[in-house]
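Residue strings, one per chain:
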Amino acid sequence: VEIVGLEGGESVYGEAPFYDPAALMGRRIVVAAFSTEEAGKLPAGATRVARLHLQVSGGEVDLTKLEKKLVVATDSQGKTIKASVTLRVFEGERR
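As the structure is a computational prediction, the values presented were derived from the model and not from experiment.

A.B. asks: Please explain the overall build of the protein chain as it appears in this structure.
C.D. replies: The number of helices and strands found in the protein chain is 1 helix and 4 strands. Listing every helix and strand of the protein chain by position from the N terminus yields β-β-α-β-β. Here the C-alpha coordinates of the protein chain stretch approximately 45 × 25 × 20 Å along the principal axes. Counting only residues that meet the buried cut, the protein chain has 8% of its 95 residues in that class. Pairs at least 24 residues apart make up 51% of the contacts formed inside the protein chain by residues separated by at least 6 positions. Just so you have it, the protein chain exposes about 8,100 Å², and 49% of that area is on carbon and sulfur atoms.

As structure tokens, then:
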């Protein structure tokens, strides 16, 4: 499994998020997405902040088993909020 791209999400997270290029060398990615919009313009509920593109070769891989970890999520005042990371697999073009 190789990380081949990262793009933005939806709403105020439409631009590609920040990421740590050095982490890619270790076959992982560290992503940071944030917005400075007013509280009323921020999404509520489940929101996609990024889309990760992977290239899978050499057979079947269960992508739902990839490790994911949320470090912090805050509201518009910087207070920690309850949030989670969800991985959804969309099958793309096969070559």
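Now, onward.
A.B. asks: I tried to follow unusual backbone geometry on my own but got confused; where do I start?
C.D. replies: Despite not being glycine, Ser11 shows a phi value in the positive range, around 60 degrees. Residue placement: Ser11 occurs in the loop between strand S1 (2–8) and strand S2 (18–19).

A.B. asks: Hey, could you run me through the pattern of salt bridges in this one?
C.D. replies: For side chains of opposite charge, pairing can occur when their charged atoms come near one another. This model, assessed by the stated rule, comprises 2 salt bridges. A salt bridge links Glu37 to Lys41; its shortest N-O distance comes to 3.9 Å. When the shortest N-O distance is used, the salt bridge between Asp62 and Lys65 registers 3.7 Å.

A.B. asks: Hey, could you run me through the packing of aromatic side chains in this one?
C.D. replies: One pair of aromatic rings is described through two measures. These are the centre distance and the angle between the planes. This structure, assessed with the given rule, holds 1 aromatic pair. Consider the rings of Phe18 and Phe34, whose centres lie 5.7 Å apart with planes at 10 degrees: the pair is stacked. Of this pair, Phe18 sits in strand S2 while Phe34 sits in the loop between strand S3 (31–32) and strand S4 (50–55), placing them 16 residues apart in sequence. The exposure class of Phe34 is exposed, given its relative accessible area of 53%. The ring centre of Phe90 lies 5.5 Å from the NZ or CZ of Arg51, which sits over that ring.

A.B. asks: In this structure, what is going on with the environment of Leu24? I would like to understand it.
C.D. replies: With respect to the element layout, Leu24 can be found in helix H1 (residues 21–24). Setting aside anything within four residues of it in sequence, one finds Leu24 in contact with Ile3, Tyr19 and Ile29.

A.B. asks: Looking at this model, I keep getting lost on a nonpolar patch on the surface. Mind explaining?
C.D. replies: On the surface, a cluster of nonpolar side chains totalling about 180 Å² of accessible area is made up of Val1, Val56 and Val61. Within the secondary structure, Val1 is located in the segment before S1.

Conventions adopted
- Residues numbered from 1 in each chain as written.
- Predicted model: local features only at pLDDT ≥ 70, side-chain atom pairs only at ≥ 80, totals over all residues.
- Heavy atoms only, no water.
- Helix = DSSP H or I, 4+ residues; strand = E, 2+ residues; numbered from the N terminus.
- Buried < 20%, exposed > 50% of the residue type's maximum accessible area, 1.4 Å probe, protein only.
- Contact = heavy atoms within 4.5 Å.
- Areas by Shrake-Rupley, 256 points an atom, 1.4 Å probe, with all protein chains shown as cover.
- Salt bridge = Lys/Arg side-chain N within 4 Å of Asp/Glu carboxyl O.
- Phe/Tyr/Trp six-rings, centres within 6.5 Å; stacked < 30°, edge-to-face > 60°.
- Lys NZ or Arg CZ within 6 Å of the ring centre and 35° of its normal.
- Patch = residues over 30% accessible without salt bridge, like charges linked within 9 Å, V, L, I, M, F, W, Y side chains within 5 Å.

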